[in-house]
Every structure is written in structure tokens, then in C-alpha cells.
Amino acid sequence: MSQSQYLEVFIDESQEHLQAINDNLLQLEKEPGDLSIVGEIFRSAHTLKGMGATMGYEDLAHLTHNMENVLDLIRNDQLEVTSHVMDVVFEAVDDLEEIIVDISNGGDGKQDVNEVVKHLETLQGLEPAPSEEQAAKAEAVQPANTINENYDEYEWTVLAQSQEQGYQAYQIQISLDEKTMLKAARVYMVFEVLEQIGDVIKSTPSADELEEEKFDFTFVVTLLTTTEADEIKQRILKVSEISSVYIEIVNIDQYKENTTKEKNQGKEKAKSPAKKQEKPKKKESSPGKKGTELNKTIRVNIDRLDVLMNLFEELVIDRGRLEQISSELNNTELNETVERMSRISGDLQEIILNMRMMPVDQVFNRFPRMVRSLSKELGKKVNLEIIGAETELDRTIIDEIGDPLVHLIRNSIDHGIEHPDVRKSSGKPEEGTVELRAYHSGNHVFIEIKDDGAGINKEKVINKALENGVVTEEDLEKMTDQQMYGLLFASGFSTAEEVTDVSGRGVGLDVVRSTFESLGGVVTVDSELGKGSLFSIQLPLTLSIIDVMLVEVAEEKYAVPLTAIVETAIVNKEEVYSAHNQKVIDFRGKVVPLVFLHEIFQVPAEETDNEFYSLVIINKGEKVAGLVVDSLIGQHDIVLKSLGNYLSNVFAISGATILGDGQVALIVDTNALIK
Amino acid sequence: MAGSSNDEKDLKVIIFQLKDEEYAIEVDFIQSIERMQPVTRIPGVEAYINGVMNLRVVITPVIDLRKRFGIESKEFDEATRILVLNKEGNELSFIVDGANDVMDIPASKIEPTPEVVGGAAEEYLRGVVKLENRLFTLLHLDKILQKQVDKADA
């Protein structure tokens, strides 16, 4: 039971580490020479291994252990970063991901990892003779190296200083007998021995972990001493159940060489030790872990945030009620208090909404991996460019957009990007580009998926649409190119001539569209044959609390989202023209069609003889329309609530809200009203 | 679905009134019984859907069961009740003429719906129950709810 409270943390952190490994592996593939990336991967893998072992997930620990070995070979220039090596490592990461998913679904994290482990072991056995030069280098730098202790700059400084004082630094690798029962006790005894003859400045795993027996059977300590290596070895071996001790001198000169190479740094090192200490901080701040330590954050369970949000929604509803009461009573003191409360709760609302904002990176970060394996699978060359991953969106929206985006990206790669030879013959670079971009614009976030592939064949789309009875010939005549491409999203539509492994699974584009639309989004597609396609998705920043204009139609109240409103207007009936049986007005030099809400919503009412129309001018992209209502009540913050599963597809209604007086008002889906 | 496995067990039901007949719904489905309250009309939905109401800050669809079963409408009065049902987190409510009673019905007393009851609603009826001198029509709630979801999806 005691584990369960750590489980969540374990899963969260494992996912972070896996993501880091994934990102860095992709990076490594691009820059195989950059061994600092290998170090990063190694660090994540190592932590993952430790966590897995602590939580008792043996397969996880076993697999990461083998992965580490391979990484280690890469780090020591004993294994080259080839596509094959990357495939095997990625395969291992896939398995790790599966294990984590299994654990987060309540499974026991057991998985048959033998095959991958075998692959990893083959890699380790292979050691495909690195070029002689490299081998020689490896040899010269670290003769017969078996210990790979990493020191940060601070530790190097300590080592260097102690050397000046006549101490020698040794790395000592101590292996316990595999049958050892009380590992921690042995470790304790070894430390006792070492501390009699010198100072232990570092151990891997850390002293805490050693104490908790969080290691296999081997650990490494760095000792500063004046005692000879042989004597140290003899002393340690006197502790029982030690199977082997390996001692190596820490090569401080090598470090010195490295540092003097970096121009200014050498001077700083000699002159001001204070500045020295800043350096590692800066250097380390980029890899996730230290960064998060610096800016203080806490992890909050999302459920708690949801509870907070729900409570706040009720507060907003009551606030509306209070505002109404105070305006009715017209008591100055009450008014002031309510005003203050409104202001404070407005600020509070912003804070809560901000807490729920997350960068789209959360969704985007899984795509590079997906694109890599997908392009391999299809034999295509694809470069994925991600722009604006830091753009923030409400969590509820983030949660929903993952799958439809996956579908659109798959679609781009499967149907859009051509095979390398086709691209070559049409004069394009062999490698296709898919650009995934997110950006803010007004109260919306836009996500675009753009490829430089074959584009959409309009004829094919039209033929298919006619075939499936999605449109008639007459409809087509009136349609713009964009609207025709939009037919792709009609239900039961697929232009794929053969169902490939990629496009055959899962959902169609119609589901993609309805998912986005249920989030209050709009999807458009544009394309140029031979040049590529662009899928653009417009999403609201947040779903839960929105600004609306309340309007009245006869006895009924409706809410029109402010984001869709251009402005409000009152026009004389005489200014209304009729064009082909459609009422229009001339609005700032533009012909704008009118939509009579009482007709659309069949509001029961008697004909009123009003000289004027109250209008709410709404837009959807370029298109504009005027909603005719009876009166405008005013602007309000409302809490958006769904109509529930039983009423999921009501025309032109996107939800409901509860007003201050407890009444339910429907929210108009303006997108549905503009064709 | 649930109906077949429940056939063996005794049922605890709520008895409600529609016109001059008594109907029964399993008490497990009932979340609460409310007095009549304001309902907001939803445009463009089936006539029997009255609209939605604010049930303690939850938007809940309201269905007029008289209209659903093709019985002529009647003014709401003091006796009118709204039965709020909850099935797997989905809330739905029925307007009925009155809620009368809670009782236990032995499974053995459930008889198939007589053919003549018929009409459009027949498929939603699970059977009739005769207890002493009262006759109840037992609703097949799974089916009624299912139809709603199907319609909403269509």
C-alpha cells in the first residue's frame, strides 16, 4: 500500500524521463558526434533505472540497465551511432513506454523484454571496431577504462585543489558478492575503512541510495588520500563479501587541459573561484531537472484543479446573482461591496485559468517520434518542424486535441508527402517537410499543419463526394475551392485508394473535425496541387468561462460568445434590403446577410411592430452575418456547460449556462449560422 | 442487457402517475424527485423534449413523458413531478403527473405487455405487474435511455 502514494510521482517522472530520452535520441540522430547528448540520455536512463528498481519493476530496470550499457559504449566511442543502433535503442524506449503505460493503467509493469534485451546485448557484443583513430584516442584518454565517473566543475575544482595539497584522487569500483544479504551493511563497512585513510568526496549511487540499497552490486566512490592504491585495495578486501575492487587514478591533468582550451574560462578559474561556481549553474540550468529546482513549482493533481474550477464556476454564477440583486436594490454600500467582489473574483478567475494553461508542447512532443517511425514504415523521408510549442492552451483543450492532431499529421505524411523518388523527379528535395505551428491570435490559438507534398487532387475529391452523395452537382457550382477541400471532412469520406496500414486504422477526418468543433474550434484546409496542403485549426483559449453578449428573443435569453462578435448595431427596418429572398443590410459598405434568430430557433412569439432591428454582427473567418434579436441585454462572464450526452447535436447551440437568477440560457454556436 | 439478468430478482420501484394509469421505474435509476420548475426550451429537438433545467448547477434535459408516450398534454399542477434519473453519469428527467409510491415487486409477478397496449411506446415497456387490485406498467429504462443516445448521435 505504501507504494501507491509514490506511484503517481513515479509515473509522472518516468514519463518525463522517457520524453527527455526520446527528444535527446532524436537530437542525437541528427548530431551523432555530440556526446554531451549521450550524457543527457544516459542520465535520464540511469534515473529511470533507479526509480524502476526502487518501485520493484524489474523488467523496467533490467531493460534500462542494458540500454545504459549500450549508451555507455557510445559515450566511450566504442560504438558508432548508426541508424541500426538508433532503431534498437528506440525499440527499447518503445518497450519502456509500454511498461509505463501498463503501470499507469494499474498493471504490474511486467513485460517480455527478452527480445529487445537480446538486441541490445548484440550491440554490446558487436563493438564494431571503431575507426583506428577513434580507438587510439579512446585508449590514450582513458587507458583500460572501466569506471566512468562524471564530475561537475565544482567537484573538479575540489579534486584539483586537493591534488595541489599532495592528495591523490582515486576512483574505486567496489563489487559486492552477489549473495550478499545485507548490502547496506557492507557499504557502511567499506566507507568506514575508506574514511580511515582519506576523504570520500563522491559516490555513485549517492550515499543515500547506497544506504537504501538502491544499487545492484557495484558502486563507485571517489577517494582523496595519500595512501597507495594497493594498500587501499587490500584494506577494502578485508571487508567480507567483497568480490572485487578496481582502483584507478583520476586524471586531473586531463580536466585542466580541457578547461584551458576554453578561452576565458581558464583565467576565471585561477582568479575568482566565486565566478567558477556560477558556471556550472548556468550550464546545468537547461536540462529539465535543475531548471525546475530553480523556479519553485509544485505538482498539483489535475483533479484538484478541476474541483477548484467547479467551485469557482459556482461562485461566478452566484456573482451574477449578486450583481443582479444589488442593481435591483440600489443600495450604495451593497453596490460597492459587490463591485469589489466582482473585481476580485475577476482576478481570481484569471489566476485559475492561467493555472490550467499548459504549453501545447505537451501534445507536440510526441510527434517527432511518431513521424520518425511513420516515415520509416512508409519509406519516406520526412522532416518535422515544430514552431511555437510554447503556446499555451487550456488543459481541457490540450487533453482533447492529441488524437485528431495525430490523425492530421499521419494524413499529411501518408497522403501528402510523396516517396523520395517521386519527389526527386518532380524537382523537389527528397526530404519532405511537415510544419507544425502553433500561435496566438486574439482570443484564439491557431494550430497549423503544413506539408510540401502532393497537395489535394480536387477532381478526386469532387468525384468521390458525388459518388458518396455528399454533394450534388448544383452544390458544387457554388462552392469555393476551400469548401471543396472541406468535403474531405464529410463523414464516410476517404480519398485513399488503398487502405494502408497507416490510414486504415482509427478514425476518419469527419471525426477529426467533430472533435475540434466540439471544442469550439474551426478546421479549414487549403491546398495547391503539387505544392502541398495546409490544415488550419482555430481553437478558443479556454472552454470553461467565456465572455458573452446576452440577447433576448421574445421571452427567451441566448448567449452569443464575444469572440465571434464584431460589434452590435441597431438598424432601421427601412435599411434592410432583400436579395434573392435573403434579407441583407449594407453594413459599412459591405453586404451582410441577416439571420433572424426567432425563425432559426422557432421562438414562440407574436409579431412585434418595432421600427428597428437589434443586430449582433458576427463573423467566422472572412464571412460576416447579422443576428437579428429583440434586445441586447449586455456583456457577461458565463460558465459554459454542456447539454449532456442526450442533447449532443442541437443545431446552432453549443452549450448552456446558468444565469444569475438560476435560469438556463443557451449559447449560440455562431459558426453553424454562417455558411 | 441489465433487464435479462434482473429478471430473477425482486424489484424496488417508484410508482408514478400518467393520466389515469400507474407506471413503475426501478428505484436504482432515480436520483431525485423534484417539483415542477422553470425549463428552458431547446430549439429544433423532438417535441417531447421540453428543454433543460438547472438542477443544482447541473444542466439536465427534461422530457415530457406524456408527449413521449403520445398521451394528450395537460397543464402542470401541484401534483406534477420531475423524476431525475441518473444512469452511468448521464442525467435525464421525466415530467410525470405525480409520484405516488415506492414498492417491492416480486420478479415473478412481471407479465409480458399485453399486445393491445401497443402503440409506439411498446418497445419501451418491460411488462405489466398486477398486485392486488392495482396494475402497473413497468418501464424498460435501458431502452428508453438508449434510444435517446442513439438519436443524439444520429
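Residues numbered from 1 in each chain as written. Chains lettered and ligands numbered in written order. Predicted model: local features only at pLDDT ≥ 70, side-chain atom pairs only at ≥ 80, totals over all residues. Heavy atoms only, no water.

If you look chain B up in an unreviewed UniProt entry, it shows as Purine-binding chemotaxis protein CheW from Alteribacillus bidgolensis.

If you check an unreviewed UniProt entry, chain A appears there as Chemotaxis protein CheA from Alteribacillus bidgolensis. In its Catalytic activity (unreviewed entry) section, the UniProt entry covering chain A states "ATP + protein L-histidine = ADP + protein N-phospho-L-histidine." (UniProt positions renumbered as here; feature names shortened; annotations may be inferred.)

Re the interface of chain B and chain A
Taken together, the contacts link 23 residues of chain B with 24 residues of chain A. Between chain B and chain A lies a buried interface of about 2000 Å² when both sides are counted; carbon and sulfur atoms form 64% of it. When the buried area of chain B at its contact with chain A is split by residue, Arg-41, Val-57 and Ile-59 of chain B rank highest and sum to 32% of it. Scanning the region where chain B abuts chain A turns up one salt bridge. Across the pair Arg-41 of chain B and Glu-556 of chain A runs a salt bridge whose closest N-O atoms are separated by 2.6 Å. (Contact = heavy atoms within 4.5 Å. Buried area = accessible area lost by both parts, 1.4 Å probe. Salt bridge = Lys/Arg side-chain N within 4 Å of Asp/Glu carboxyl O.)

Brief notes about the sheet that holds strand S5 (residues 58-64) of chain B
Residue and element names in this part refer to chain B. Taken together, the five strands give an open sheet; going across it, the order is S3-S6-S7-S5-S4, and neighbouring strands pair in mixed fashion. The strands lining the two open edges of the sheet, one partner per strand, are strand S3 (30-35) and strand S4 (49-55). Across the sheet, the mean angle separating the axes of adjacent strands is 30 degrees when strand polarity is ignored. (Pairing = 2+ DSSP bridges. Helix = DSSP H or I, 4+ residues; strand = E, 2+ residues; numbered from the N terminus. Axes fitted to C-alpha atoms, helices over the stretch in contact; angles between N-to-C directions.)

Description of the nonpolar core
With 62 residues, the main nonpolar core has Leu-643 of chain A together with Ile-25 and Phe-94 of chain B as its most contacted residues. Counting 51 residues, the second largest nonpolar core, distinct from the first, contains Ile-398, Leu-408, Met-484 and Phe-535 of chain A. (Core = buried A, V, L, I, M, F, W, Y, C linked by side-chain atoms within 4.5 Å. Buried < 20%, exposed > 50% of the residue type's maximum accessible area, 1.4 Å probe, protein only.)

Overview of helix H7 (residues 153-164) of chain A
When the terminal C-alpha atoms of H7 of chain A are compared, their 17 Å separation across twelve residues agrees well with the 16 Å that a helix rising 1.5 Å per residue should span. Residue Gly-166 of chain A follows H7 of chain A closely and has a positive phi angle near 90 degrees. (Expected span 1.5 Å × (residues − 1).)

Digging into the side chain of His-17 of chain A
All names here are of chain A. Along the polypeptide, His-17 turns up in helix H1 (residues 4-30). A residue is classified by how much of its surface remains accessible, and His-17, at 14% relative accessible area, is buried. The contact partners of His-17, leaving out residues within four places of it in the chain, are Ser-44, Thr-47, Leu-48 and Met-51.

Quick look at the sheet that holds strand S13 (residues 556-561) of chain A
Residue and element names in this part refer to chain A. Sheet architecture is open: five strands sit in the order S20-S12-S13-S22-S21, paired in mixed fashion. The strands lining the two open edges of the sheet, one partner per strand, are strand S20 (631-639) and strand S21 (653-658). The average angle at which neighbouring strand axes cross in this sheet is 35 degrees, direction not considered.

Describing the pairing of strand S12 (residues 545-553) of chain A
Residues and elements named next belong to chain A. Within S12, seven of the nine residues are buried, leaving the element largely enclosed by the surrounding structure. Inspection of the sheet shows S12 paired to S13 by six bridges, in the antiparallel sense. Within the sheet, the bridge partner assigned to Val-553 lies in S13 and is Glu-556. Counting the residues between successive antiparallel strands, the hairpin from S12 to S13 contains two residues, one of them, Ala-554, with a positive phi of roughly 50 degrees.

Notes on the pattern of salt bridges
What the rule picks out here adds up to 29 salt bridges over all chains. Note that Asp-481 of chain A is salt-bridged to Lys-458 of chain A, the shortest N-O span being 2.9 Å. With Asp-481 of chain A in helix H23 (residues 481-486) and Lys-458 of chain A in helix H21 (residues 458-467), this residue pair connects regions lying 23 residues apart in the sequence. In this structure Asp-481 of chain A comes out as partly exposed when scored by relative accessible area, which is 39%. Here Lys-458 of chain A falls in the partly exposed class, since its relative accessible area comes to 24%. Between Lys-74 of chain B and Asp-77 of chain B there is a salt bridge, with its nearest N and O atoms 3.0 Å apart. Here the residues in one salt-bridge network are Glu-29, Asp-87, Arg-372 and Lys-376 of chain A, joined through shared partners.

Considering the side chain of Asp-451 of chain A
Residue and element names in this part refer to chain A. Looking at the secondary structure, you find Asp-451 in strand S9 (residues 444-451). Despite its burial, Asp-451 pairs with no opposite charge; the closest candidate is Arg-423, at 6.9 Å N-O. Reaching out from Asp-451, the side chain makes a polar contact with the side chain of Ser-412 at a distance of 3.1 Å. Once you skip the residues sitting within four places of it in the chain, Asp-451 turns out to touch Ser-412, Gly-416, Ile-417, Thr-433, Val-434, Lys-531, Gly-532 and Ser-533. (Lys, Arg positive; Asp, Glu negative; His and termini not counted. Polar contact = N/O pair within 3.5 Å; in protein donor to acceptor, adjacent residues only side chain to side chain.)

Some words on unusual backbone geometry
Residue and element names in this part refer to chain A. Of the consecutive residues Thr-204 and Pro-205, the connecting peptide bond is found in the cis state with omega at -5 degrees. In this fold, Pro-205 is placed in the loop between strand S2 (198-204) and helix H9 (207-211). A positive phi angle, close to 65 degrees, is found at Asp-77, a residue other than glycine. On the secondary structure map, Asp-77 appears in the loop between helix H3 (58-75) and helix H4 (83-104). Backbone geometry at Ala-652 places phi at a positive 65 degrees, although glycine is not the residue there. When you line up the elements, Ala-652 lands in the loop between S20 and S21.

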